[in-house]
Every structure is written in C-alpha cells, then in structure tokens.
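Below, each chain spelled out in residue letters.
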Amino acid sequence: WLKFLLKLRTLLHKMSACCAIPCSRSAWSLGASAISGSLVLFAVDRRSSSQSPCETSGAVPRCRVGLIADPQYFAYRPNRKLDIPQWVGTTRRYGHVLEHVRTALDTFRGDRGTAPVDMIVQLGDLIDGANASAGTSRLALAQMLQELRKGPWQEQQVHHVVGNNELKNFTRAELAGWMCSARPERSSNMEEPYLHYYDFAPCVGWRFIVLDTYAVSLLGEGAQLNEAKTMVKRNPNCAEVDADAPLECFLQATAGFDASADGSRTFLDPSLTERRFLAYNGAVGSHQRSWLQGVLAKAGEVGEQVIVFGHNPLHPSVVNGLDALAWDYQEVLEVIDGAGCVLAYIAGHDHSGGYSRDPATGIHHLTVPSALEAPPGTGSRYLVMELFENSARLWGEGGVLMDPGRTAHCRTCGGSGIALHDGKTCFPCGGSGEGPGGTCSGRSRNTQSDSYLYFGSSTGITFAREPCRKGPRCVMS
C-alpha cells in the first residue's frame, strides 16, 4: 500500500507539472488514513478552498484559523529511541513531529497554494512530558515557539491551550511567561496561581473562548489541589485514600485505569465514566464555569456565534476512551448547551481524534487528532478553519472516527480481547472486548459507529447553525 501511495503521489506531481503548477506550491494535496486495517486515499484540489456549501458562491471567509493539537515535541538526544510503541497499539513517532508541524505551518503560511491563516490555535501539549525528566523542557519549548513564529501572524495571534504536558514541564508562573501574549485582556481573571482562560473576537460576528481544563488538577499547585483531591475520590481506586494523604498517594492511585502489580489499583471498566478521574486529566472548576456562563450570555445578547476551545474533550460520544474526558465535563456541558449560541467545542488530548454532533443541542464536538502517532503517509493531521457569516468550514489532512464513544466494542482489539499488535491481553478493555459504549448508560452512547470523517474532502467539512436562537439546528455537510 505504501508503494502504491508513493506512486500515486508521483503521478499527482506529474499532473501538477503538466498544468504548469510548480511542485513546491502545488494546489493538489495527497493524504491517506489507515484505520482498522483499511487504507483510504484522497487527492484534493485546494484551489477552490474559498468556497463554502453554506454560503453564497464566491464568498470570502471573514477569518482563517490554523488548528493543531498535541504535537508533543521531544528534544531528543541522538542516541534515544524515536519510535515508541504505545499500549493502545499505536506508535509515538517523535522523530517525525517537526516534519508534521512544518507541513502544517507551510499550509498556514500559504506556502502550499492556499491563502494564509490569520491566527493559530494550538490545542495543548506543545511539547512532551518526557522533556521534564530529560532536562530538555526549555530547549523543546524554544524550538517549537521558533517554528510558530515563522509566519505572517504576530506572536499575539498564536493562541495556546493548557494541556497536561505543559504542566509536566512548567509551573503555572512559567506558563504565564509565554502563553499569555495572545490574551487581549489580563485583568479580570488573573488568579494566583495563573489560570489560562480568556475570550476574544477573531472577526465580526464571532467569539472564541479558550478554556483551561486543568484549572483544578493534581498536576497543578496551590489551594486548588484540595479540590482536585476531593474530585478524584470518585475514582474507585481513590475511595480509600485519606483526604490528608500526600499528593503522591493520589498520583499513584490515578496513574492509570489498569490494575497495578502491587494490587493497590484495580482495573476500571471501559464503560465507567469514573475512568476520567486520572492524573493526566483535570477540571474547568466552578469559578471558570461561572465566568464562561457570563461570556456566553453576552455573546448571545449581541448575536455572536461562539466556538469554545479546550484541551480535554467534553462529550462522551466524541472520545475513543472515557479516560480522555474532563473531570467536570457534565457541568461544563450544561453551561455550553444552555447558551444557545455555541456552534462547536474543539479539543485535543485524545490523540486519535473524533467527531460527534450532540443530537439534543446540535453542537459540534471535534477532537483534532495528533500528528505524533500518525503513520507515515497518512497526512500531517492539522486543520484550517474558515469563518463565514453563518458557518465554519474546515479542511486539512487526516481524518477521525464519527461518534467513537458510542461503539460497543474495543477499538484496540476489535472486540476480541486480544491486542492486535502483540497478541497479549488488550490493555484498554482488560480482555473484555468492550468499548466505552458497551454497557454505559451515558449520553446516547448505546449504538455502534464505524463511520469516518475525512478532512481532505474537496468541499471540506462545514458546521452551520440557523440564525434563529430558539430551537437551534446544526447541520454538517
């Protein structure tokens, strides 16, 4: 298949040459998606990328935004292993991250025959947590920030979202030093320790909200740690941990959903939403939720459409495993669902990515996949989002499962209980073969889904909402 892919790529370059299009700025792009053993190819003509199915012909976007999630760059030493197999059957390809990031940035700059973006939203985990133990945190950050500065956008136009790997490498005070340059205002919510959430208007008629889904977290610091310890007590493995116990006891009990060798941690069923109370997740918290409610109310009053960004996904149907959800996802969803002006919630964290449309509210939930685990030849996994008057159009490289959280069987083993990559007992499902929607009574998660959403379609993916605020209806085309 890879040989066939390379031949097809060569053929497309020849087609571009025949059309007098320079190969370095070819209007054609080639990608592939290898999921569940199937290889799906797409060749897309990007020269018509300014068109949107939900807008009048020839409409010009009000704003273009580049989206990238979880690059997790590791400033490795030459003698370190670069491709590291993971327990979910994927491989972290640290040696290819910069290549993927540069491909995305080439597109964002307009160097690949497309219009440049006006800003970038980096959805968290810019560098990998392994940098902390290797002593390369500052080096890795400097290298990534240098790459992000190579474009027509200003530093203030690169918006960063806090991820768990940021907190593994830096204190909150250190985050403030490089994250908050894009914040339009730094007065009303500059708590101590620093929390990274704010809102701004990217263009007329639109409002972006950046959430800090680790405002309450075991990876954090300060007084919020007491609230974090209380929240993770909902994890069955933390039920017996004393509230006054050292932080290390909570970190050990929430290190994973698997059973520990010493018996101190038992396996958590894949259909349990309590799986989310792990150390690498966090919560928005009550204070930030109140702030969010106020911002959404003002946006609704002036007729703005809203897109919310956060590192952790919020909807059970959009995740490949319930361990990716924010701790207080239900409370945050209540705020977002009740606003009537939110078009989409866009996240990272869950490296495989996913898409789901809430049938009750019509809100689109999209998790942008990570290029860190992209197999060779499957695209660099980034998105360009174009905002029109009444819709947002997305295109890029890669693809995601639709409603992955509704599946009844485990994705890693295909329902067999045996891991396909090593023949051992499947780690995510513990050998049961069940997926997150197997026995759970969550939000409409009792049906099986095997559909895919490909970012490389010729018309892109369009999220739209009717102007009427009463009984909103969202469509996807």
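Residues numbered from 1 in each chain as written. Predicted model: local features only at pLDDT ≥ 70, side-chain atom pairs only at ≥ 80, totals over all residues. Heavy atoms only, no water.

Colleague: I tried to follow the environment of Phe 277 on my own but got confused; where do I start?
Modeller: With respect to the helices and strands, the residue Phe 277 is situated in the loop between helix H8 (247-253) and helix H9 (286-301). In this structure Phe 277 comes out as buried when scored by relative accessible area, which is 0%. Through-space distance from the C-alpha of Phe 277 to that of Asn 235 is 5.6 Å; in sequence the pair is 42 residues apart. Among residues more than four places away in sequence, those in contact with Phe 277 are Met 231, Val 232, Arg 234, Asn 235, Thr 254 and Trp 327. (Helix = DSSP H or I, 4+ residues; strand = E, 2+ residues; numbered from the N terminus. Buried < 20%, exposed > 50% of the residue type's maximum accessible area, 1.4 Å probe, protein only. Contact = heavy atoms within 4.5 Å.)

Colleague: Looking at this model, I keep getting lost on the pairing of strand E10 (residues 305-309). Mind explaining?
Modeller: A regular strand carries its side chains on alternate faces of the sheet. Across the 5 residues that make up E10, a large majority, 5, are buried. The alternating pattern of E10 places Gln 305, Ile 307 and Phe 309 on one face and Val 306 and Val 308 on the opposite face, and all of these are buried. Looking at chain direction, strand E9 (residues 206-210) and E10 are connected through 5 bridges and run parallel. What sits directly across from Val 210, in E10, is Phe 309. Pairing between E10 and strand E11 (residues 342-347): 4 bridges, direction parallel. When the bridges of E11 are listed, Phe 309 appears paired with Ile 346. At this point the chain moves from E10, through helix H10 (residues 329-339), to the parallel E11, and the crossover so formed is right-handed. (Pairing = 2+ DSSP bridges. Right-handed = clockwise from strand over helix to strand, strands pointing away.)

Colleague: Looking at this structure, I do not really get empty space enclosed by the protein. What am I missing?
Modeller: To find the voids left in a structure, one rolls a probe of water-molecule size over its atoms. Enumeration according to the criterion identifies 1 cavity of 30 Å³ or more in this entry. The calculated volume of the largest cavity comes to roughly 90 Å³. Counting residues per element, the ones that place at least two in the lining of the largest cavity are helix H4 (137-148) and strand E7 (158-160). In the lining of the largest cavity, the residues fall into 4 nonpolar, 2 polar and 2 charged. (1 Å grid on protein atoms, 1.4 Å probe; cavity = no way out; pocket = protein on both sides within 12 Å on 5 of 7 lines; lining within 4 Å. Points joined across faces, edges and corners; volume = space filled by probe spheres on them. Nonpolar A, V, L, I, M, F, W, Y, C, P; charged D, E, K, R; others polar.)

Colleague: Is there a simple way to explain the side chain of Thr 361 in this structure?
Modeller: Within the secondary structure layout, Thr 361 lies in the loop between strand E12 (354-357) and strand E13 (364-367). Among the polar contacts listed, one links the side chain of Thr 361 to the backbone nitrogen of Ile 363, at a separation of 3.3 Å. (Polar contact = N/O pair within 3.5 Å; in protein donor to acceptor, adjacent residues only side chain to side chain.)

Colleague: What is the right way to look at the sheet that holds E11 in this model?
Modeller: Through backbone hydrogen bonds, the strands of a sheet pair up, either in parallel or in antiparallel fashion. Here 6 strands make up an open sheet; going across it, the order is E8-E9-E10-E11-E13-E12 and the pairing mixed. A single partner strand is all that each edge strand has here, and the edge strands are strand E8 (198-200) and E12. For this sheet the average axis-to-axis angle between neighbouring strands, irrespective of direction, equals 15 degrees. Against the sheet, H9 touches E8, E9, E10 and E11, its axis set at about 175 degrees to E9. (Axes fitted to C-alpha atoms, helices over the stretch in contact; angles between N-to-C directions.)

Colleague: How should the pairing of strand E15 (residues 391-397) be read in this particular structure?
Modeller: Judged by how many residues are buried, E15 sits mostly within the fold: 7 of 7 residues are covered. Side chains Ser 391, Arg 393, Trp 395 and Glu 397 project from E15 onto one buried face, and the interleaved Ala 392, Leu 394 and Gly 396 project onto a second face that is buried too. In this structure, strand E14 (residues 382-387) lies alongside E15, joined through 6 bridges in antiparallel fashion. By the bridge assignment for E15, Met 385 is matched with Leu 394.

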